[in-house]
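Structure assessment
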Amino acid sequence: MKRRKFIKHTLEAIAGLSLSTALYAWLVEPFYLEFVKIKMPIKHLPKHLEGVTLMQISDLHVGNRFDWNYLIESFKRAKKYNPDYVVYTGDFVSYENPTQIEQLKKVMQYAVKGSKGSIAVLGNHDYGKNWKQHDVANKITHVINNTGISVLRNKQIEINGLHFIGIDDFWGTNFDPKKAFKNYSNTKPTITLCHNPDVCDLDIWSDYDSWILSGHTHGGQCKPPFLNPPLLPVKNKKYTAGKIELPKNRTLYINRALGHLWQVRFNVRPEITIFELNNPTNTLS
């Protein structure tokens, strides 16, 4: 009898723990935002940019799969950090129909913008169904540009001495890294924005030797403790989340995403990243 009671109580405990974990993964962690702070050493950084901050926000996924008012509240929290630069690394929507364009307009009224400048690139979901609806990408670009955030589609821009390269999405209809890197000089302090980190493995980078900021993976959204996430939308499964050192002195950072494709996360909290820029010769990090 004692053995039966022990087994019964053990099974009840396991069932209770499983239910608690499921509720946490559904109702708590998808909205348990983490602000991650990290140093960003950049070669040739001018003195007036030492210590300035750059905020990365990625993968909003505005749509019908979760309450996007969470994004607005997150923006309000992020503004309190007063970032100098803000970059958005794609997937503004989870596109189903034109309603998402109107939803995005509402969300982006509260967008975080940098005191020095704000830029963005598009992600695969910004290209609509099967990532092939170029007109959807154009409409999203129009919305983002109208909020005072410049969308770089295979373009470069210089803002107050800091150079940015924006590569359009790898899976979309406008991927053209050759155009993006035209006239690039590695003697200038530069950051590249590229939604899909798999682009890092393509033979497009030449002598580029600085930072690449990506999103796309969401860190897998659900990750068993001490194991790799079972589902990642990338070919290179090393590209999960966080800082990754690449060959030829390149550094990749993959943001875990603010939004989510589906309202479930476990051991992979949503993220907004805050980088502090410095010159490599002036830091030990």
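Residues numbered from 1 in each chain as written. Predicted model: local features only at pLDDT ≥ 70, side-chain atom pairs only at ≥ 80, totals over all residues. Heavy atoms only, no water.

Helices and strands together make up the secondary structure of the chain, namely 5 helices and 12 strands. Computed over C-alpha atoms, the radius of gyration of the chain comes to 20 Å, within 12% of the 19 Å expected from 2.2 N^0.38 for 285 residues, which places it in the range of a compact globule. Based on the C-alpha atoms only, the size of the chain along its principal axes is roughly 80 × 50 × 40 Å. Out of the 285 residues belonging to the chain, those deemed buried represent 53%. Put simply, of all contacts in the chain between residues at least 6 apart along the chain, 75% involve residues at least 24 apart. Within the structure as shown, the chain displays about 13900 Å² of accessible surface, and the carbon and sulfur contribution to it stands at 55%. If you average the places of the 37 positive and of the 25 negative side-chain charges in the chain, the two averages end up 5 Å apart. (Helix = DSSP H or I, 4+ residues; strand = E, 2+ residues; numbered from the N terminus. Rg over C-alpha atoms; globule rule 2.2 N^0.38 Å. Buried < 20%, exposed > 50% of the residue type's maximum accessible area, 1.4 Å probe, protein only. Contact = heavy atoms within 4.5 Å. Areas by Shrake-Rupley, 256 points an atom, 1.4 Å probe, with all protein chains shown as cover. Lys, Arg positive; Asp, Glu negative; His and termini not counted. Charge placed at Lys NZ, Arg CZ, Asp CG, Glu CD.)

Looking now at the pattern of salt bridges. Tallied over the full model, the rule gives 8 salt bridges. The partner of E276 in a salt bridge is K39, with the nearest N and O atoms 3.2 Å apart. Of this pair, E276 sits in strand β12 (residues 271-278) while K39 sits in strand β1 (residues 34-41), and the two are 237 residues apart along the sequence. Assessed through its relative accessible area of 33%, E276 is described here as partly exposed. We classify K39 as partly exposed; its relative accessible area is 35%. The salt bridge involving K43 is made with D209; its shortest N-O contact spans 2.4 Å. With K43 in the loop between β1 and β2 (53-57) and D209 in the loop between β8 (190-194) and β9 (211-214), this residue pair connects regions lying 166 residues apart in the sequence. For D209, a relative accessible area of 14% corresponds to the buried category. Among the charged side chains, a network of salt bridges with common partners joins E34, R256 and E271. (Salt bridge = Lys/Arg side-chain N within 4 Å of Asp/Glu carboxyl O.)

This part takes up the pairing of strand β10 (residues 242-246). As paired elements, β10 and strand β11 (residues 250-254) share 5 bridges and run antiparallel to each other. Its bridge partner lying in β11, I244 is registered against L252. Connecting β10 to the next strand, β11, in antiparallel fashion are 3 residues, including K248 with a positive phi near 60°. (Pairing = 2+ DSSP bridges.)

Interhelical geometry of helix α2 (residues 69-79) versus helix α3 (residues 99-108) gives an angle of 25° and a closest axis separation of 9 Å. One element, α2, and the other, α3, form an angle in the roughly parallel class. Of the two possible hands of crossing, α2 and α3 adopt the one that is right-handed. Contacts between α2 and α3 involve L71, I72 and F75 from the first element and K106, V107 and M108 from the second. (Axes fitted to C-alpha atoms, helices over the stretch in contact; angles between N-to-C directions. Parallel < 35°, antiparallel > 145°, perpendicular 65-115°, else oblique. Left-handed = near helix turned anticlockwise from the far one by under 90°.)

Further remarks concern the sheet that holds strand β6 (residues 155-159). Taken together, 6 strands build an open sheet; the order of strands is β6-β7-β8-β9-β11-β10 and the sheet is mixed. The sheet terminates laterally at β6 and β10, the two strands that pair on one side only. Strand after strand, the sheet turns through a mean of 20° between neighbouring axes, direction not considered. As defined by bridge partners, β9 adjoins β11 across 4 bridges and the pair is classed as parallel. Bridge assignment links S214 to a residue of β11, and that residue is I254.

What follows is about helix α4 (residues 134-146). Spanning 13 residues, α4 covers 18 Å between terminal C-alpha atoms, matching the ideal 18 Å at 1.5 Å per step. Within the sequence span of α4, burial applies to V136, A137, I140, T141, V143 and I144. The buried residues of α4 all sit within an arc of 160° when viewed along its axis, so they share a single face. When the buried face of α4 is taken as reference, the exposed residues oriented beyond 90 degrees from it are H142 and N146. For α4, the secondary structure elements touched by its buried residues are α3, β4 (117-121) and β5 (150-151). Just downstream of α4, G148 is the residue with a positive phi angle, here 90°. (Expected span 1.5 Å × (residues − 1). Arc of directions from axis to C-beta.)

With that out of the way, let us pick up the nonpolar core. Membership of the largest hydrophobic core comes to 37 residues, with the highest contact counts inside it found for I57, F75, Y88, F92 and M108. Among the secondary structure elements, those contributing two or more residues to this core are β2, α2, β3 (85-89), α3, α4 and β12. Not counting residues within four places of it along the chain, the set of residues in contact with I57 comprises F75, V86, V87, Y88, T89, V112, L258 and I272. Formed by 23 residues, the second largest nonpolar core is a distinct cluster that contains I42, V87, V121 and L152. (Core = buried A, V, L, I, M, F, W, Y, C linked by side-chain atoms within 4.5 Å.)

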